[in-house]
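So the chains spell out like this:
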Amino acid sequence: MSSIIIPGTGDWSFGVAGVFYEPFIQLLEQMGYQLHVDLFIAYYDWRQRIPDIVDTYLMPILYKVRRVTGAAHVHLICHSMGGLVARGYVQSRHYQNDVDQLILLCTPNAGSPSNYRYWTGGTLEPDWEASENIVTIAMNSYLDNLKHDNPENPFEAVHTVFPSLHELVPAKDYGDYLVVGCDNAMRFVPYRTMQIQNAFLDRLNAGRAIIYHRGIRVTLIAGIETRTVQFLRMVQGSMNNGEPHGAPVWRTVNSDAGDGNVMVSSVFVLEGDKHLIEGNHMQVLLRSEFILRSKLI
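Quick look at the structure, then. Every value quoted in this text rests on a predicted model; they were computed, and no experiment measured them.

A short note on the packing of helix α2 (residues 50-69) against helix α3 (residues 81-90)
- Relative to each other, α2 and α3 sit at 80°, their axes nearing to 9 Å. Classified by the angle between their axes, α2 and α3 sit roughly perpendicular to one another. Two secondary-structure elements touch here, α2 through Ile-50, Ile-53, Val-54, Leu-58, Met-59, Leu-62 and Arg-66 and α3 through Met-81, Leu-84, Val-85, Ala-86, Gly-88 and Tyr-89.
- A per-class count over the contact of α2 with α3 returns 11 nonpolar, 1 polar and 1 charged.

Here it is as structure tokens:
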């Protein structure tokens, strides 16, 4: 968080998420790393398109790390969307052959259905949302404020101010995830027919083999046993040419095979050393200590 995102919040920090991220930084310090010496935080404006985040935020901090430490290679430890930012770099033509390990915790490598609802502006039928957590609370609060400030065209404002949200909707590798029709005639909307697709993740996943060709070791850590949105079922509104019309109301179809925000199958779209941790999207950070110690010490 910073004044760049919300005016008046000051310099870069974790904001309210610090209750989770600051203990995680302390955990890494307990392993022997020192902040600003061989441990660096890459803050970024999460509203921007991911390729722009790579250019504006990640690449400059990597240059600083190499300059300060003299190290030829770094470990990238990434949570949630941060893993997509890291992939956006290591899979790009700008890659500087400077990453040894990619450790991704709860990263939506194939996207997440909740983001489709945020992007298209649908509402949820009461009592059907999956477990609320700091991510969903923060997302709903930010989007509500953004739409309140732009009442004439609230969703154009979301698309303009928060374009990276489109890069977090489910991709082809997620599979079909929208359900339409009445109880006795329900059907999935084929991804190939949808107007709102995730071109960014589709390209990234189509080229994922380059991570391994570049010799980068990958560790994937996913949370499980927390009710998570797996599919969205339309209970009010209609689909026209692969796009919702009217004021769609969705019912979530939930699964415990996720962390409350991201399904395990989405995290595990990549190949790598795969681990399941019982816990939600934020709890996984500290509960992954034994895995991190085995990779970093």
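Considering the packing of aromatic side chains
- A full pass over the atoms with the stated rule returns 10 aromatic pairs.
- With a centroid separation of 5.3 Å and 55° between ring planes, the pair formed by Phe-14 and Tyr-43 is classed as tilted. Linking Phe-14 in the segment before α1 (18-30) with Tyr-43 in the loop between α1 and α2, this pair joins segments that are 29 residues apart in sequence.
- Looking at Phe-14, the relative accessible area reads 19%, which means it is buried.
- Ring centres of Trp-46 and Phe-162 lie 5.4 Å apart, and the angle between their planes is 65°; this geometry places the pair in the edge-to-face category. One end of the pair, Trp-46, is in the loop between α1 and α2; the other, Phe-162, is in the loop between α6 (154-161) and β4 (178-180), with 116 residues separating them in the sequence.
- Classification of Trp-46 by relative accessible area gives partly exposed; the value is 24%.
- Among the aromatic residues, those joined into a ring-pair cluster are Tyr-116, Tyr-174, Tyr-177 and Trp-250.

Focus on the sheet that holds strand β7 (residues 228-240)
- Pairing within the open sheet is mixed, and its 5 strands lie in the order β3-β8-β7-β4-β5. In this open sheet, the two edge strands, each paired with only one partner strand, are β3 (123-124) and β5 (187-188).
- Bridge count between β4 and β7: 2 bridges; the pairing is parallel. Across the sheet, Leu-178 pairs through a bridge with Leu-232, a residue of β7.
- With respect to the sheet, helix α4 (residues 113-120) is in contact with β3, β4, β7 and β8 (243-255), its orientation differing from that of β7 by roughly 35°.

Considerations on the sheet that holds strand β9 (residues 273-278)
- Taken in spatial order, the 4 strands line up as β1-β2-β6-β9 in an open sheet, and their pairing is parallel. Where the open sheet ends on each side, the last strands, each with one partner, are β1 (74-79) and β9. Put simply, the sheet's adjacent strands are angled 15° from each other on average, direction ignored.
- Bridge count between strand β6 (residues 217-224) and β9: 6 bridges; the pairing is parallel. Considered in β9, the bridge of Ala-222 is made with Leu-276.

A look at the packing of helix α5 (residues 134-148) against α6
- Where α5 contacts α6, the two axes come as close as 8 Å, and the packing angle between them is 120°. The angle between the axes of α5 and α6 places the two elements in the oblique class. Remark: the crossing between α5 and α6 carries right-handed chirality. Two secondary-structure elements touch here, α5 through Tyr-142, Leu-143, Leu-146 and Lys-147 and α6 through Pro-154, Phe-155, Ala-157, Val-158 and Val-161.

Rules of the game
Position numbers for residues start from 1 in each chain and track the written sequence from start to end. Residue-level local features of this predicted model are given only where pLDDT is at least 70; pairs of side-chain atoms are given and counted only at 80 or more, and the full residue set underlies all totals for whole chains, interfaces and linings. To obtain the side-chain values, all non-hydrogen atoms of the structure were used and water was disregarded. Fitting a line to C-alpha atoms yields each axis, with helices limited to the stretch in contact; the angle taken between N-to-C directions then spans 0 to 180 degrees. Helix and strand labels come from DSSP, where a helix needs a run of H or I of at least four residues and a strand needs a run of E of at least two; each type is numbered from the N terminus. Angle categories: roughly parallel below 35 degrees, roughly antiparallel above 145, roughly perpendicular from 65 to 115, and oblique for all the rest. Residue contacts follow a heavy-atom distance rule, with two residues in contact if any of their heavy atoms lie within 4.5 Å. Residues are grouped as follows: nonpolar covers Ala, Val, Leu, Ile, Met, Phe, Trp, Tyr, Cys and Pro; charged covers Asp, Glu, Lys and Arg; every other residue, Gly included, is treated as polar. Each pair of aromatic rings taken from Phe, Tyr and Trp, with Trp reduced to its six-membered ring, is defined by centres within 6.5 Å and is described as stacked if the planes are under 30 degrees apart, edge-to-face if over 60, and tilted in the remaining cases. Summary of the burial criterion: residues with accessible area below 20% of their type's maximum are buried, those above 50% are exposed, and those between are partly exposed, where the area comes from a 1.4 Å probe applied to protein chains only. What makes two strands pair is DSSP finding at least two bridges between them. Here is the rule for handedness: rotate from the far helix to the near one, and if that takes an anticlockwise turn smaller than a right angle the crossing is left-handed, while a clockwise turn gives right-handed.

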